[in-house]
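A closer look at the structure
Spelled out from the first residue to the last, the chains are:
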Amino acid sequence: MPYPGPANRFRAGRMLAMSTAPTALPRVLSGIQPTADSFHFGNYLGATRQWVALQDEFDPFFFIADLHSITMSHDPKLLAQRTRVAAAQLLAMGIDPERSTVFVQSHVPEHAQLAWVFNSLTSFGEARRMTQFKDKSAKEGEGAASVALFAYPILQAADILLYRPQYVPVGEDQRQHLELTRDLAQRFNHRYKKTFKLPEPYILKETAKISDLQQPEKKMSKSASSPTGIVELLDDPKVSAKKIRSAVTDSDTEVRFDETAKPGVSNLLTIYSALTGRSIEDLEKAYDGKGYGDFKGDLADVVVEFVTPFRDRTKALLDDPAELDGILKRGAERAREVAARTLADVYDRVGFLKA
Ligand code: ATP
Ligand code: LTN
């Protein structure tokens with residue numbers, strides 16, 4: 001079962017669109033960095049699950065942000081492998097390449113080209129205010145951070161605005177970058193000529209910030225979480241189950257949603273509810289009078305049930321790298337058609353002489 005079947009009306013519309021004019025559906029766009037061997041539950045519940053759902057109503061563009069992933073030190077061999085693994089995971093979770101344009105950022109040179117133009121529109125002070133830059137440069141000191149890390153959100157603005165999307169589905173930590181993107185779009189429109197639509201963040205309140213299992217006041221993160229705080233989708237399901245069973249709770253016994261008083265339990269309730277579709281109230285009632293042991297044990301089973309087929313699908317996709325690369329190549333071709341049109345408008349408006 002590689003992908004859940006698309007709605008027929010959409011498939012027909014899309015096929016028609018591909019053979020004639022571009023589809024008239026509004027676009028969504030998002031990206032994810034290939035910075036780890038697996039996505040984690042924060043990535044999935046905060047962002048990529050929404051990507052899958054939005055395919056039904058939008059013309060989607062989803063990409064692997066490999067240009068972004070070299071802003072911190074990296075291993076070139078691992079990057080190539082992780083880029084494929086990231087693509088395989090997106091397909092395994094239900095991104096359908098017949099409905100969505102799936103591609104690798106570096107295959108579409110217009111991203112870096114538009115970013116250069118946006119660099120010229122962004123002030124130093126504005127870039128320095130980005131909290132992600134502050135967080136990520138804090139470890140080794142600002143002086144050691146790459147210029148690319150500093151310019152990271154400007155490249156992100158270019159990624160987005162090239163495709164003129166209506167929505168950008170991301171987790172809460174990306175909100176500030178989306179605000180910069182809107183500011184740059186407005187600035188360009190004002191300074192030159194109206195060229196860009198202002199995109200809106202698409203952030204689901206319930207799952208916008210999945211917490212670290214051991215430090216529930218922090219977000220679950222590839223770079224900052226300890227191995228026991230993060231649940232990776234491609235991890236051995238037994239290991240993931242153990243992590244859930246050892247998640248930090250509190251000295252109370254009541255399964256109740258209260259982010260301030262009970263951040264650990266609330267985070268587990270959020271994950272449970274998102275994976276099963278059961279409401280938080282329903283779960284609170286179901287575990288009334290039962291201890292945390294039962295609650296965490298059942299959630300561990302839910303997680304295992306989810307990750308086991310997901311891992312199998314991802315592995316099957318990785319067993320055929322030629323097929324995977326073909327999907328990414330077709331995605332990049334379609335992405336370039338859109339991106340090149342936007343870049344041509346931008347170059348013209350900025351005053352670059354036509355080649
Ligand atoms: P890093 O720690 O290297 O910054 P990350 O784990 O935050 O990595 P990204 O690749 O930066 O992951 O994020 C991909 C997508 O997942 C983004 O849309 C981001 O907002 C979302 N996301 C990441 N972590 C979480 C989380 N804990 N809760 C909700 N959404 C998240
Ligand atoms: N910064 C994002 C990844 C990213 C992105 C984008 C997300 C790069 N370009 C464009 C949405 C739209 C992150 O997840 N850390």
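What counts, and where the lines are drawn
Residues numbered from 1 in each chain as written. Chains lettered and ligands numbered in written order. Predicted model: local features only at pLDDT ≥ 70, side-chain atom pairs only at ≥ 80, totals over all residues. Heavy atoms only, no water. pLDDT = per-residue confidence, 0-100. Contact = heavy atoms within 4.5 Å. Near = heavy atom within 4 Å. Polar contact = N/O pair within 3.5 Å; in protein donor to acceptor, adjacent residues only side chain to side chain. Areas by Shrake-Rupley, 256 points an atom, 1.4 Å probe, with all protein chains shown as cover. Helix = DSSP H or I, 4+ residues; strand = E, 2+ residues; numbered from the N terminus. Nonpolar A, V, L, I, M, F, W, Y, C, P; charged D, E, K, R; others polar. Expected span 1.5 Å × (residues − 1). Buried < 20%, exposed > 50% of the residue type's maximum accessible area, 1.4 Å probe, protein only. Pairing = 2+ DSSP bridges. Right-handed = clockwise from strand over helix to strand, strands pointing away. Core = buried A, V, L, I, M, F, W, Y, C linked by side-chain atoms within 4.5 Å.

This next bit is on the confidence of the model for the protein. Taken as a whole, the protein shows an average pLDDT of 93; of its residues, 94% reach a score of 70 or greater. Across residues 1-21 the pLDDT falls below 50, and counting only partners more than four positions away or on other chains, this stretch makes 36 contacts in the model.

Let us now look at the site of ligand 1. Ligand 1 sits among 21 residues. The nearest are Asp-173, Lys-219, Ser-221, Lys-222 and Ser-223. Gly-42 is positioned such that a nitrogen or oxygen atom in its backbone is 3.2 Å from a nitrogen atom of ligand 1. Lys-219 has a polar side-chain atom sitting 2.5 Å from an oxygen atom of ligand 1. Against a free-state accessible area of 600 Å², the protein chains account for coverage of 95% of ligand 1. With 4 residues, the single largest contributor to the shell around ligand 1 is helix H2 (residues 41-54). By residue class, the composition of the shell around ligand 1 is 6 nonpolar, 10 polar and 5 charged.

So, about helix H9 (residues 175-191). With 17 residues, H9 extends 24 Å between its outermost C-alpha atoms, agreeing within 8% with the 24 Å of an ideal straight helix rising 1.5 Å per residue. Turning to H9, its buried residues are His-177, Leu-178, Leu-180, Thr-181, Leu-184, Ala-185, Phe-188 and Asn-189.

Of all 6 residues in strand S1 (residues 27-32), 5 are buried, a share of seventy percent or more. Here S1 runs beside strand S2 (residues 59-64); their pairing, made up of 6 bridges, is parallel. Looking at S2, one finds that Gly-31 is bridged to Phe-63. Crossover connection from S1 via H2 to parallel S2: handedness right-handed.

For the rest of this paragraph, the subject is the site of ligand 2. As a structural note, the neighbourhood of ligand 2 is formed by 14 residues, with His-68, Tyr-152, Gln-156, Asp-159 and Gln-174 the closest of them. Between ligand 2 and Asp-159 there is a distance of 2.6 Å, counted from a nitrogen atom to a side-chain nitrogen or oxygen. Interatomic distance of 3.0 Å between a side-chain N/O atom of Gln-174 and a nitrogen atom of ligand 2. In isolation ligand 2 offers 360 Å² of accessible surface; the protein chains occlude 90% of this area. It is helix H8 (residues 147-161) that provides the largest number of residues to the shell around ligand 2, a total of 4 residues. Residues belonging to the shell around ligand 2 are distributed by class as follows: 7 nonpolar, 6 polar and 1 charged.

Let us look at the nonpolar core. The biggest cluster of nonpolar side chains holds 56 residues, and the ones touching the most others in it are Phe-41, Met-93, Leu-213, Leu-233, Phe-295 and Leu-299. At 9 residues, helix H13 (residues 292-318) tops the list of elements feeding residues into this core. Other than its neighbours up to four places away in sequence, Met-93 contacts Phe-39, Tyr-44, Thr-48, Val-52, Leu-233 and Phe-310. Phe-63, Leu-161, Leu-178 and Ala-332 belong to the second largest nonpolar core, which has 41 residues in total.

In this fold, Arg-99 is placed in the loop between helix H4 (76-92) and strand S3 (101-104). Polar contacts involving the side chain of Arg-99 include one to the side chain of Asp-56, which spans 2.7 Å.

Relative to the elements of secondary structure, Lys-296 occurs in helix H13. Aside from chain neighbours lying at most four places away, what touches Lys-296 is Ile-244, Arg-245, Ser-246, Ala-247, Thr-249 and Leu-268.

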